[in-house]
Amino acid sequence: MTAARLLRLARMGLKDMLRHKMRAFLTTLGVVFGVASVIAMLAVGEGASRQALLQISRLGARNLILYSQKPAADTQPAASQSSMLALYGLQYEDELRIRESIPGVVRTVPVRWMRKETWYRDRKLELRLVATTPDWFDLVNRPLLAGRVLTADDMTRREPVCVLTEYGARRLLAGTEIVGEIVSIGNVPFRVVGIVRNEESAGAVQTPDLPTDAYTPLPVCRERFGDITVVAETGSRAMELVPLHQILVEIRSLEEVEPAARAIETMLRRFHKREDYRLSVPLALLREAETTRRTFNIVLGSIAGISLLVGGIGIMNIMLASVTERTREIGIRRAIGARRSHIILQFLVETSVLSGIGGIIGLALGMMIPLLITRLSGMPTYIPPWSLLLSFSISVLIGIVFGLYPALQAARLDPIEALRHE
Amino acid sequence: MTDTVIRLESVVKIYRIGTVDVPALRGISLEFLRGSFTAIMGPSGSGKSTLLNVIGCLDRPTSGRYFLEGRDVAGLDDNARSDLRLHHLGFVFQSFNLIPQLTVLENVELPLFYQDIPPTESRQRALEMLEMVGLSDRTHHRPVELSGGQQQRAAIARALTTNPSFILADEPTGNLDSATGQQIMELLANLHQRGRTIVMVTHEPDIAAWAKRRVLMRDGLVHAIQDSIP
Ligand SMILES: Nc1ncnc2c1ncn2[C@@H]1O[C@H](COP(=O)(O)OP(=O)(O)O)[C@@H](O)[C@H]1O
Ligand SMILES: [Mg+2]
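Cut-offs used in this document
- Residues numbered from 1 in each chain as written.
- Chains lettered and ligands numbered in written order.
- Predicted model: local features only at pLDDT ≥ 70, side-chain atom pairs only at ≥ 80, totals over all residues.
- Heavy atoms only, no water.
- Helix = DSSP H or I, 4+ residues; strand = E, 2+ residues; numbered from the N terminus.
- Rg over C-alpha atoms; globule rule 2.2 N^0.38 Å.
- Contact = heavy atoms within 4.5 Å.
- Areas by Shrake-Rupley, 256 points an atom, 1.4 Å probe, with all protein chains shown as cover.
- Lys, Arg positive; Asp, Glu negative; His and termini not counted.
- Charge placed at Lys NZ, Arg CZ, Asp CG, Glu CD.
- Domains from an automatic or database assignment.
- Phe/Tyr/Trp six-rings, centres within 6.5 Å; stacked < 30°, edge-to-face > 60°.
- Buried < 20%, exposed > 50% of the residue type's maximum accessible area, 1.4 Å probe, protein only.
- Near = heavy atom within 4 Å.
- Polar contact = N/O pair within 3.5 Å; in protein donor to acceptor, adjacent residues only side chain to side chain.
- 1 Å grid on protein atoms, 1.4 Å probe; cavity = no way out; pocket = protein on both sides within 12 Å on 5 of 7 lines; lining within 4 Å.
- Sits in = over half its atoms within 2 Å of the grid points.
- Nonpolar A, V, L, I, M, F, W, Y, C, P; charged D, E, K, R; others polar.
- Points joined across faces, edges and corners; volume = space filled by probe spheres on them.

1. Description of the overall build of chain A
Within chain A, the regular secondary structure consists of 13 helices and 13 strands. Computed over C-alpha atoms, the radius of gyration of chain A comes to 34 Å, more than 25% over the 22 Å expected from 2.2 N^0.38 for 422 residues, which places it beyond the range of a compact globule. Within chain A, contacts between residues at least 6 apart in sequence are counted, and of these 80% link residues at least 24 apart. When the accessible surface of chain A is split by element, carbon and sulfur atoms take 61% of a total near 20,600 Å². Taking the 51 positively charged and 41 negatively charged side chains of chain A as two groups, their mean positions are separated by 9 Å.

2. Considering the side chain of Thr103(B)
With respect to the element layout, Thr103(B) can be found in the loop between strand E6 (89–92) and helix H3 (104–114). Beyond its immediate chain neighbours, meaning those up to four positions away, Thr103(B) contacts Thr139(B), His140(B), His141(B) and Arg142(B).

3. Details of the domain arrangement of chain A
Domain boundaries assigned for chain A yield domain 1 (3–55 + 288–420) and domain 2 (70–275). Each of domain 1 of chain A and domain 2 of chain A has a C-alpha centre, and these two points are 57 Å apart.

4. Digging into the packing of aromatic side chains
All told, the structure shown has 4 aromatic pairs over all chains when counted by the stated rule. Judged by centre distance (5.2 Å) and plane angle (40°), the ring pair of Trp136(A) and Tyr215(A) falls under tilted. You can see Trp136(A) sitting in helix H4 (residues 135–140) and its partner Tyr215(A) sitting in strand E9 (residues 213–217), a full 79 residues away along the chain. There is no split in this pair, since Trp136(A) and Tyr215(A) are both buried. Plain terms: the ring middles of Phe91(B) and Phe93(B) are 5.7 Å apart, the flat faces sit at 10° to each other, and that makes the pair stacked.

5. What about the site of ligand 1?
Lining the immediate environment of ligand 1, one finds 13 residues, of which Arg420(A), Gly45(B), Lys48(B), Ser49(B) and Thr50(B) sit closest. Nearby residues place ligand 1 at the junction of chains A and B. The separation between an oxygen atom of ligand 1 and a polar main-chain atom of Ser46(B) is 3.3 Å. Ser49(B) is positioned such that a nitrogen or oxygen atom in its side chain is 2.7 Å from an oxygen atom of ligand 1. Alone, ligand 1 offers 550 Å² of accessible surface; in the complex the protein occludes 76% of this. Given that more than half its atoms are within 2 Å of the pocket grid, ligand 1 belongs to the largest pocket. For the shell around ligand 1, the elements supplying multiple residues, two or more each, are helix H13 (415–420) of chain A together with strand E1 (4–17) and helix H1 (48–55) of chain B. Considering every element that reaches the shell around ligand 1, the biggest residue donor is H1(B), with 3 residues. Of the residues contributing to the shell around ligand 1, the split by class is 4 nonpolar, 6 polar and 3 charged.

6. Describing unusual backbone geometry
Residue and element names in this part refer to chain B. Positive phi, normally seen in glycine, also occurs at cysteine 57, with a value near 60°. Inspection of the secondary structure assignment puts cysteine 57 in the loop between H1 and strand E4 (63–68). Phi is positive for asparagine 97, which is not a glycine, with a value near 55°. For asparagine 97, the location among the structural elements is in the loop between E6 and H3.

7. Quick look at the layout of surface pockets
Considered as a void within the structure, the largest pocket measures approximately 780 Å³ in volume. Around the largest pocket, the lining comprises 28 residues; the ones closest to its centre are Arg420(A), Ser49(B), Thr50(B), Asn53(B) and Asp170(B). Among the elements of the structure, H13 of chain A together with E1, strand E2 (20–33) and H1 of chain B are those that each provide at least two residues to the lining of the largest pocket. Classifying every residue of the lining of the largest pocket by side-chain character gives 10 nonpolar, 11 polar and 7 charged. The volume enclosed by the second largest pocket comes to roughly 530 Å³. Met114(A), Arg115(A), Thr229(A), Val230(A) and Val231(A) are, among the 20 residues lining the second largest pocket, the residues nearest its centre. If you list the elements that add at least two residues to the lining of the second largest pocket, you get strand E1 (63–68), strand E3 (105–120), strand E10 (228–232) and strand E11 (237–241) of chain A. Of the residues forming the lining of the second largest pocket, the biggest block, 5 residues, is contributed by E10(A). Across the lining of the second largest pocket, the residue classes break down as 10 nonpolar, 4 polar and 6 charged.

Printed below as a string of structure tokens:
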């Protein structure tokens, strides 16, 4: 069977369908909606997961992030410490040990933060003062908008300088001209040396930075504010001694990320009696998100697939009716010399044309729906090119699968019986 | 020129309706020569159409042997019989049996489509056939837009496009008035003149008169054979 012949069969089938335009239209409607919903659902699923993936990848796939956390039940005997002082979290020694003894670690960034009231002229803002090293800016990697980031020089000169975020500057009613100006952070005058763009924090993924950050060299912070922070809790004030709130760890290669994460866990467990830290592995999150995305797509796709199935059943129904209606035609074709296989092929081509046309209309509709969703609700959508190919092929496949039974019925007819049919 | 091209030996055809056997042919032995023009006559229900369908490889005999151009075709499978119909046999029916949604031209082209003839060639051949039957001005009409005589001429054109050696006609004038019937018979007589072997079923004596030989059937048996003196 040549391609040219298939094409002629398709043309004949199309012609036959045009005799019953309304019927053909109604028949394909099921496929139209099936294909459209497959594309739309996959687009919504892909949109959501792409956003998550983007956020995770912004954390840096080669980075590990350690957080200090308050142990769930403070089992430490109160006798050794003042009952007012909570002592927990990551230590300076932890950072050192990770840098020195964990294979694959390129560098580590210690981070300490505290909430501080900040004044610029008559504007007040509560900032999170992030005390860190210049490497922070390499690992977190946010675009510099004005001035400069922290340097090694800042670490040694120990002058109170800070880098603001775009958001912080705006909240202080300042633009880039604030670079070089003095702001008061916790009653200490800091000179602003630069502004970085902050990440719009959206979604479930926690980034190491916040829009309200102000970055300052770690030695400066320790010198000016000490190691004990006062946290206001409901009603009372509590004292905390948390040396480091965060340690960022950069790993040499992607392959070494997971072994390094395991090694760090093992090591920290040896030195920490309590679970007062948490390790976040963006790469693992990335993998997880990838798996979730796949499951999500399969679930959504299957739901949409069911509507395609319903469309297929509609086609089968019509084709069965058509076989009965065209019994005599089948008899004539057989008398002329058509083989059974010719009759099967004719019906299969007709159903595929029918479902293929439904598929094309569904494709157009399916590409419009995600656009509308994004336009109206702001939900991110993304139409992966493969989903177009997939849903269209499925629609044609459905035509073939559901056309097969009617086609076989048609071919099974006895030519003489068929010719006698009215 | 006088070789036997169709030979039936004790052909029996029994239809089974539920548990009842209906014998339509009860032992037919007949021979047809190449280029002959035979009319099969007999009362309704005598088995004329069944015989024609067996000859035309549309139906298989229940028992007996059937040789078409020396080849035993009684036991051939469905595909082989389809191919014989496609390449060697042309059918003309009482009710024309054109496919309603196709144009006259497409109907005439249809056998060539199944023969895998390229479109340009098949179009050419179909147009030639339509010219021969005098329907050149009706090629793009639908069958319903044609008179009965025109439809039957289109059906004859379709039977002829594959250039078959045999034309099998089952009451070709049965649905036509006598004047139109005469035109159709002229066409068939013309084909006979050009060497085609024609087997025609009819119960009208004046139609049968066009044939050179008449086979009379009764109750699924050959009752008598009349040869016209040439
Ligand atoms: N497909 C069939 N099924 C059952 N009986 C049939 C079938 N075709 C023909 N017959 C029976 O066979 C006999 C011969 O029929 P047929 O050949 O059509 O006769 P004719 O064409 O001479 O009128 C009749 O009794 C008819 O009822
Ligand atoms: Mg009959």
